[in-house]
Amino acid sequence: MTSEIAVMNQRAVALAADSAVTLIDGGNVVVRNEQRKLFNLVPGKPVGLMFFGVADMMGHPWDQLVEHYQKHRQPNFASMREYAASFTNMLDNLEEFFPRARQKDDYRRLLASVFRYAFHLAQFLRESSDELAKADDRTILEYAVERMWRDYQFREDGSPRGNLACFPKDFGQRVAREYAGTIDDVIAYGFGQFGLGKQAIVRLKEIAIFCVIKDLFVEDVTGLVFAGFGADERYPSAVAYFVSAIVGGIVKRSEVTVDAIDTDVRSKIRVFADSEVTNAFIRGIDFNLERRLYGGFGMVLHGLVDQMADAMPDAVAREALRRHFHNEVVPRYFSSLRGTIGEYQQQAFINPILRVLEIAGSKELAETARELVGLNVFKKRIMAQRETVGGAIDVAIISREGGFQWWARQGGG
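One numbering rule holds for all chains: residues counted from 1, following each sequence as written. Whole-chain, interface and lining totals are the exception, using all residues; otherwise, since this is a predicted model, local features are given only for residues with pLDDT of at least 70 and side-chain atom pairs are given and counted only at 80 or more. Based on all heavy atoms of the structure, the side-chain values leave hydrogens and waters out of the count.

Overview of the nonpolar core
One finds Tyr 107, Val 114, Phe 115, Tyr 152, Val 212 and Val 247 to be the most contacted residues of the largest nonpolar core, which totals 48 residues. A run of DSSP states H or I qualifies as a helix once it reaches four residues; a run of E qualifies as a strand once it reaches two. Both are numbered from the N-terminal end. Mapped by element, the contributors of at least two residues to this core are α3 (100-128), α5 (137-153), α6 (171-178), α7 (180-191), α8 (198-213) and β10 (237-247). Broken down by element, the residue count for this core peaks at 10 residues, all from α3. By size, the runner-up hydrophobic cluster in this structure holds 30 residues, among which are Ala 55, Tyr 83, Met 90 and Leu 224. By nonpolar core is meant a set of buried Ala, Val, Leu, Ile, Met, Phe, Trp, Tyr and Cys residues that side-chain atoms within 4.5 Å join together. Per-residue accessibility, obtained with a 1.4 Å probe over protein chains only, is compared with the maximum for each type, and a residue is labelled buried under 20%, exposed over 50%, and partly exposed between these values.

And the structure:
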């Protein structure tokens, strides 16, 4: 795991990353505290790159891919979004690193990761619902699969979930055709013993397509953070991407956040990866507790809808009510709750910190970024947890005038 922070104001952006990486070899889990995760993407330009999550792409460490980009491209883009798109586009059809013969294995890894999430979701549902706590494994797995299928179709606000722009039109049909055998094998291996019903199997086969083309990442991913100044940008910005597997020569990827400083937004903190203590410090609540509260509330609302619908004798009316409440009413109430709590967090916790950072100099930004990462290192150590966040903390300051400058670096270089 990783803890990474971007702290920005109108003068500069400070990036900080720990150096721990978790390696899994069979049943052994090993943590190394020597991984470099922060780079000057284009030497001589005020452009930084951090990665978190999966430390390689089909066995190639990200530092090798960064080095390849630096050797073959020396861009001067107007914006950070263009730098981010350029780097991620480079990964497509890069057979020097990602030969076609191995891409089926990468799809299998993607699918296994997605189906593993289904089991985690089923366990969460069992632990958080009195009604499902007594359900057998088949029932609760079918419920989890249906819930995942719905998540691939709709966002939390009820709007349809779109396809990723990185794939051409009708790419899902190509996946279904070329990977049909792999899909059947992985479903049989993971779910065969549970005797799932026909509809659940159909849903799993559809999820095997959706997990490639839909704009949702429940699998193991790498996060890429591009931060600094494009040639035409007066103030700094930070762009984050998720990337996961290579399917049909194309890297599954999506831009997930864009944070930009301007005349209205004068300071900002963006937290990445395993940074729950930083989140709690900034937002006033532990992230995992917040997620469990929202998840439990959403599950209760959807469960209440299903109970009301099941009580109706008319099948047509029952399904119409179910669709209306699941897709329109529940998301509206859920959004209202999030808005109310979010407004309080903003006023009570976030704004006071941001007001101080607005006037901070480069040194203060760097110290803030480093200390926020250090909070997560301290928690892992003091609670005797596996120190998946730790080691030396790399810190860089990026400004238009000074470019990319190391403030703290592994080995002192």
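Let us keep going from here.
Describing the sheet that holds strand β9 (residues 222-228)
A sheet is described by the order of its strands in space; here five strands give the open sequence β5-β6-β9-β10-β11, paired in antiparallel fashion. The open sheet has two edge strands, β5 (38-40) and β11 (250-260), and neither has a second partner. Neighbour-to-neighbour, the strand axes of this sheet turn through a mean angle of 20 degrees, independent of strand direction. Here the rule is simple: two strands pair whenever DSSP picks up at least two bridges between them. For helices, the axis comes from a line fit to the C-alpha atoms of the stretch in contact; other axes are also lines fit to C-alpha atoms, and the angle between any two N-to-C directions lies between 0 and 180 degrees.

A word on the sheet that holds strand β2 (residues 13-17)
In spatial order, the strands read β12-β1-β2-β13-β14; together these five strands make up an open sheet with antiparallel pairing. Lying at the two open borders of the sheet, with one neighbouring strand each, are β12 (267-273) and β14 (403-408). For this sheet the average axis-to-axis angle between neighbouring strands, irrespective of direction, equals 15 degrees. Relative to strand β13 (residues 394-399), β2 runs antiparallel, the two sharing five bridges. Its bridge partner lying in β13, Ala 17 is registered against Asp 394.

Overview of the packing of α6 against α8
Contact geometry for α6 and α8: axes closest at 9 Å, N-to-C directions at 130 degrees. One way to sum up the angle between α6 and α8 is to call them oblique. You can see that α6 and α8 cross each other, and the crossing is right-handed. Touching Phe 171, Gly 172, Val 175 and Ala 176 of α6 are Ala 208, Ile 209, Val 212 and Ile 213, all from α8. For classification, angles of less than 35 degrees are called roughly parallel, those exceeding 145 degrees roughly antiparallel, those between 65 and 115 degrees roughly perpendicular, and all remaining angles oblique. Each helix crossing is assigned a hand: it is left-handed if the near helix lies turned anticlockwise from the far helix by less than a right angle, otherwise right-handed if that turn is clockwise. Pairs of residues are marked as contacts when any of their non-hydrogen atoms sit within 4.5 Å.

Examining the pattern of salt bridges
The working definition used for a salt bridge is a side-chain nitrogen of Lys or Arg within 4 Å of a carboxyl oxygen of Asp or Glu. Taken as a whole and assessed by the stated rule, the structure comprises 22 salt bridges. Between Arg 116 and Asp 220 there is a salt bridge; the shortest N-O distance is 2.8 Å. Of this pair, Arg 116 sits in helix α3 while Asp 220 sits in the loop between α8 and β9, and the two are 104 residues apart along the sequence. For Arg 203, the salt bridge is made with Glu 146, and the minimal N-O distance between the two is 3.1 Å. With a gap of 57 residues between them, Arg 203 in helix α8 and Glu 146 in helix α5 connect regions that are remote in the sequence. Three or more residues are tied together by salt bridges with common partners; here these are Asp 306, Asp 310, Glu 319 and Arg 322.

What to know about the environment of Gly 197
Mapped onto the secondary structure, Gly 197 falls in the loop between α7 and α8. The spacing of Gly 197 and Glu 142 is 55 residues in sequence and 7.8 Å in space, taken between C-alpha atoms. Those residues in contact with Gly 197 that lie beyond four places of it in its chain are Arg 138 and Glu 142.

Some remarks on the confidence of the model for the protein
Residues at a pLDDT of 70 or more form 94% of the protein, whose mean pLDDT is 90. pLDDT: the predictor's confidence for each residue, scored from 0 to 100. Note on residues 24-28: pLDDT is under 50 here. Beyond four places in sequence and across chains, it has two contacts.

Digging into the state of the cysteines
Any cysteine sulfur atom paired with another within 2.5 Å is treated as part of a disulfide. Using the criterion set out here, one finds zero disulfides in the structure. Of all cysteine sulfurs, the one in Cys 211 lies closest to Cys 166, which takes part in no disulfide; the gap is 13 Å. For Cys 166, a relative accessible area of 16% corresponds to the buried category. Classification of Cys 211 by relative accessible area gives buried; the value is 0%.

Comments concerning the side chain of His 68
Tracing the backbone shows His 68 in helix α1 (residues 62-72). The class for His 68 is buried, based on a relative accessible area of 9%. Ignoring any residue separated from it by four or fewer positions in sequence, one finds His 68 in contact with Met 90, Leu 94, Glu 96 and Phe 97.

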